[in-house]
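Close look at the chain arrangement
Spelled out from the first residue to the last, the chains are:
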Amino acid sequence: MSEKMLNFTVGPVMSCDEVLEVSGKSAPYFRTPEFSEIMKENEKMMMELLSAPKGSRVAFLTASGTGAMESAVMNILNDKDKVIVVNGGSFGQRFAELCELHKREYTEVKLEFGKTLKKSEFAGLSGKGYTALLINMCETSSGVLYDMPMVSEFCKENGILLIVDAISAFLADELEMDKLGIAAVITSSQKALALHPGISMITMAPEAIERVEKNTETGMYLSLKEALKNGERGQTPFTPAVAILLSLNARLHQIEKTGGKKAEHKRIAAIAKQFRDGIADLPLDAFSEMQSNCVTALRVKEGSAKDIVNTFKDKYNIWLCPNGGEIGNTVFRVGHIGNITAEDNSRLIEVFKEVLE
Ligand SMILES: *Cc1c(COP(=O)(O)O)cnc(C)c1O
């Protein structure tokens with residue numbers, strides 16, 4: 001196993017040199033005007049990448065993505081809400097469990113694994129007093145990308161607050177908060193931002209901020225009221241993952257320098273296409289409808305998905321992403337996010353041919 005490790009999971013993923021240079025250093029003390037300046041710039045640049053409407057804000061939480069999902073359920077929603085949860089896999093299921101735990105009344109739109117969301121699934125949910133909708137833009141467990149313009153239209157028609165977990169879709173697929181009228185978008189450091197895990201962000205439009213201000217706080221560490229208040233001066237209520245926030249700044253500048261979000265999109269889409277075209281003739285079924293650019297879920301036609309993942313890891317030093325639960329015997333995933341070059345991708349395809357043919 002002499003070759004360099006290549007990581008094609010969906011996070012944590014490979015980081016670029018600009019990021020590694022920053023995240024490999026000792027963390028500086030952070031209650032300083034210098035750090036505050038960087039945080040304010042992080043906020044501004046994140047809002048630009050998301051096309052957040054005027055008056056939006058970003059809360060930076062030192063937590064994995066689930067921490068931000070939980071924080072949104074705790075702080076943006078309240079016990080008077082009637083919530084629709086789109087559940088097409090393990091991340092949709094997580095939103096349902098969070099609603100259960102925090103006593104938010106909810107109804108699930110359950111989808112068959114790998115199937116996308118159709119307008120007909122919302123039939124019967126109009127005019128029923130629903131106040132909020134929780135959705136994972138890409139359900140990372142199956143790689144399905146939901147039709148966000150359709151979801152947005154349904155929410156606008158019904159005056160429903162739209163909260164989007166775009167943790168895996170951000171930068172991989174097109175997402176504009178203002179156009180879609182999204183109240184809050186959740187993102188995380190370890191997916192297409194390709195930083196170390198540990199920071200999650202909730203970008204909130206004014207309607208979400210207003211709710212946070214009005215709602216009674218139900219927690220301390222994940223309080224968005226506190227995050228927003230401290231954020232006014234470029235700070236966080238508690239010690240954040242300082243090195244990741246600094247590396248976020250380096251990465252945001254890198255994205256800007258290399259052509260912005262459109263270029264980043266195109267780059268990830270090209271990596272995904274190269275892979276999908278490259279393995280088209282192999283005995284694998286890319287079964288998911290409407291795939292996100294961030295990941296491809298594959299069903300094996302014979303043999304075990306777990307064996308394939310292990311062979312790649314042990315024999316080739318290439319990491320693929322296993323699926324959890326029973327489905328993990330037949331389904332695994334290949335990520336297209338992070339610092340993957342066309343050359344890395346060619347090597348991946350070559351190994352796929354070697355292992356599967
Ligand atoms: C990765 C991911 C998360 C966050 O998972 P953590 O392990 O808590 O970081 C949440 N939602 C989606 C859609 C994801 O892809």
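None of the values given here were measured: they were computed from a predicted structure.

1. Details of the packing of helix 7 (residues 206-214) against helix 8 (residues 224-231)
It is the contact of helix 7 with helix 8, at a shortest axis distance of 9 Å, that shows an interaxial angle of 115°. Overall, the two elements helix 7 and helix 8 adopt an arrangement that is roughly perpendicular. Where helix 7 crosses over helix 8, the two elements pack in a sense that is left-handed. Contact with helix 7, carried on its side by Ile209, Val212 and Glu213, involves Leu224, Lys225 and Leu228 of helix 8 and no other residues of that element. Residues of the contact of helix 7 with helix 8, tallied by class, amount to four nonpolar, no polar and two charged.

2. Digging into the pattern of salt bridges
Within the structure shown, the criterion is met by 15 salt bridges. Put simply, glutamate 43 and arginine 57 hold a salt bridge, and the shortest N to O gap is 2.9 Å. With glutamate 43 in helix 2 (residues 33-49) and arginine 57 in strand 2 (residues 57-62), this residue pair connects regions lying 14 residues apart in the sequence. Each member of the pair, glutamate 43 as well as arginine 57, carries the same accessibility label: buried. Put simply, arginine 347 and glutamate 350 hold a salt bridge, and the shortest N to O gap is 2.5 Å. One end of the pair is arginine 347 and the other is glutamate 350, both in helix 12 (residues 342-356) and three residues apart, which spans about a single turn.

3. Brief notes about the domain arrangement of the chain
Often, the extent of an interface is quoted as the loss of accessible area upon association of its parts. Looking at the chain, the domain boundaries give domain 1 (6-12 + 261-356) and domain 2 (17-257). Using only C-alpha atoms to locate each centre, domain 1 and domain 2 end up separated by 26 Å. The interface of domain 1 with domain 2 comprises 22 residues on the first partner and 32 residues on the second. By the criterion of area lost to domain 2, the three top residues of domain 1 are Lys261, Glu289 and Met290, representing 30% of everything that side buries. The interface formed by domain 1 and domain 2 includes one salt bridge. Here glutamate 264 and arginine 251 are joined by a salt bridge, their closest N and O atoms 2.8 Å apart.

4. Overview of helix 2
It helps to recall that an α-helix has 3.6 residues per turn; residues three or four apart then point in one direction. Over its 17 residues, helix 2 extends 24 Å from the first C-alpha to the last, a length consistent with the 24 Å expected when each residue adds 1.5 Å. Taken residue by residue, helix 2 has Phe35, Ser36, Met39, Asn42, Glu43, Met45, Met46, Met47 and Leu49 as its buried positions. In this structure, the buried side of helix 2 is in contact with strand 2, strand 9 (184-188), strand 10 (199-204), helix 8, helix 9 (242-257) and helix 10 (260-278). The positive-phi residue at the C-terminal boundary of helix 2 is serine 51, with phi of around 50°.

5. A word on the environment of aspartate 165
Positionally, aspartate 165 belongs in strand 8 (residues 161-165). For aspartate 165, a relative accessible area of 4% corresponds to the buried category. For the pair formed by aspartate 165 and proline 237, sequence separation is 72 residues and the distance between their alpha carbons is 23 Å. In contact with aspartate 165, other than residues within four places in its own chain, are Met69, Phe95, Ile135, Asn136, Met137, Cys138 and Ile186.

6. So, the side chain of glutamate 139
With respect to the secondary-structure elements, glutamate 139 resides in strand 6 (residues 138-139). For the buried glutamate 139, which has no salt bridge, the nearest side chain bearing the opposite charge is arginine 333, at an N-O separation of 6.9 Å. In this structure the side chain of glutamate 139 is engaged in a polar contact, spanning 2.8 Å, whose partner is the backbone nitrogen of glycine 92. Setting aside its immediate chain neighbours within four residues, glutamate 139 contacts Gly88, Gly89, Ser90, Phe91, Gly92, Val144 and Tyr146.

7. Quick look at the pairing of strand 4 (residues 105-110)
Relative to strand 4, strand 3 (residues 82-87) runs parallel, the two being bridged by six bridges. Note that in strand 4 the partner of isoleucine 84 across the bridge is threonine 107.

8. Comments concerning the nonpolar core
Leu117, Phe122, Leu133, Ile135 and Leu193 are the most contacted members of the largest nonpolar core, which has 68 residues in total. With seven residues, helix 9 is the largest single contributor of residues to this core. Inspection of this core shows a minimum of three residues originating in each of domain 1 (6-12 + 261-356) and domain 2 (17-257). Counting residues in hydrophobic clusters, the runner-up holds 33 residues, among them Leu77, Phe95, Leu98 and Ile186.

9. Considerations on the sheet that holds strand 9
To summarise the sheet geometry, strands pair through backbone hydrogen bonds and adopt either a parallel or an antiparallel arrangement. Pairing within the open sheet is mixed, and its seven strands lie in the order 2-10-9-8-5-3-4. What marks the edges here is a single partner per strand, and that holds for strand 2 and strand 4. Strand-to-strand twist in this sheet, taken as the mean axis angle between neighbours without regard to direction, amounts to 20°. Pairing analysis gives six bridges linking strand 2 to strand 10, with the strands arranged antiparallel. Across the sheet, phenylalanine 60 pairs through a bridge with methionine 201, a residue of strand 10.

What counts as what
Each residue is numbered by its place in its chain's sequence as written, counting from 1. At least 70 in pLDDT is required for a residue's local features to be given in this predicted model, at least 80 for side-chain atom pairs to be given and counted, and no such filter applies to totals for whole chains, interfaces and linings, which use all residues. For side-chain calculations, the full set of non-hydrogen atoms in the structure is used, while hydrogens and water are omitted. Inter-axis angles, ranging from 0 to 180 degrees, are taken between N-to-C directions of lines fitted to C-alpha atoms, where helices are fitted over the stretch in contact. Counting from the N terminus, the helices are the DSSP runs of H or I reaching at least four residues and the strands are the DSSP runs of E reaching at least two. Oblique is the label for every angle not falling under 35 degrees (roughly parallel), over 145 degrees (roughly antiparallel), or within 65 to 115 degrees (roughly perpendicular). The crossing is said to be left-handed when, going from far helix to near helix, the turn is anticlockwise and less than a right angle, and right-handed when the turn is clockwise. Throughout, a contact is declared for two residues whenever any of their heavy atoms are within 4.5 Å. Put simply, Ala, Val, Leu, Ile, Met, Phe, Trp, Tyr, Cys and Pro go in the nonpolar bin, Asp, Glu, Lys and Arg in the charged bin, and everything else, Gly too, in the polar bin. Salt bridges are defined as contacts in which a side-chain nitrogen from Lys or Arg sits within 4 Å of a carboxyl oxygen from Asp or Glu. Only protein chains enter the calculation, and the probe is 1.4 Å; a residue is then buried if its accessible area is under 20% of its type maximum, exposed if over 50%, and partly exposed in between. What counts as a domain boundary in this text is fixed by an automatic or database domain assignment. Here's the idea: put two parts together, see how much 1.4 Å probe accessible area each one loses, and the total over both is what we call buried area. One less than the number of residues in a helix, times 1.5 Å, gives the span that helix is expected to have. As used throughout, the charge tally considers Lys and Arg to be positive and Asp and Glu to be negative, leaving His and the chain termini uncounted. In protein, a polar contact means a hydrogen-donor-capable atom and an acceptor-capable atom, both N or O and within 3.5 Å, with residues adjacent in sequence counting only if both atoms are side-chain atoms; elsewhere, any N or O pair within 3.5 Å suffices. For two strands to be treated as a pair, DSSP must find no fewer than two bridges joining them. We define a nonpolar core as any set of buried Ala, Val, Leu, Ile, Met, Phe, Trp, Tyr and Cys residues linked to one another through side-chain atoms lying within 4.5 Å.

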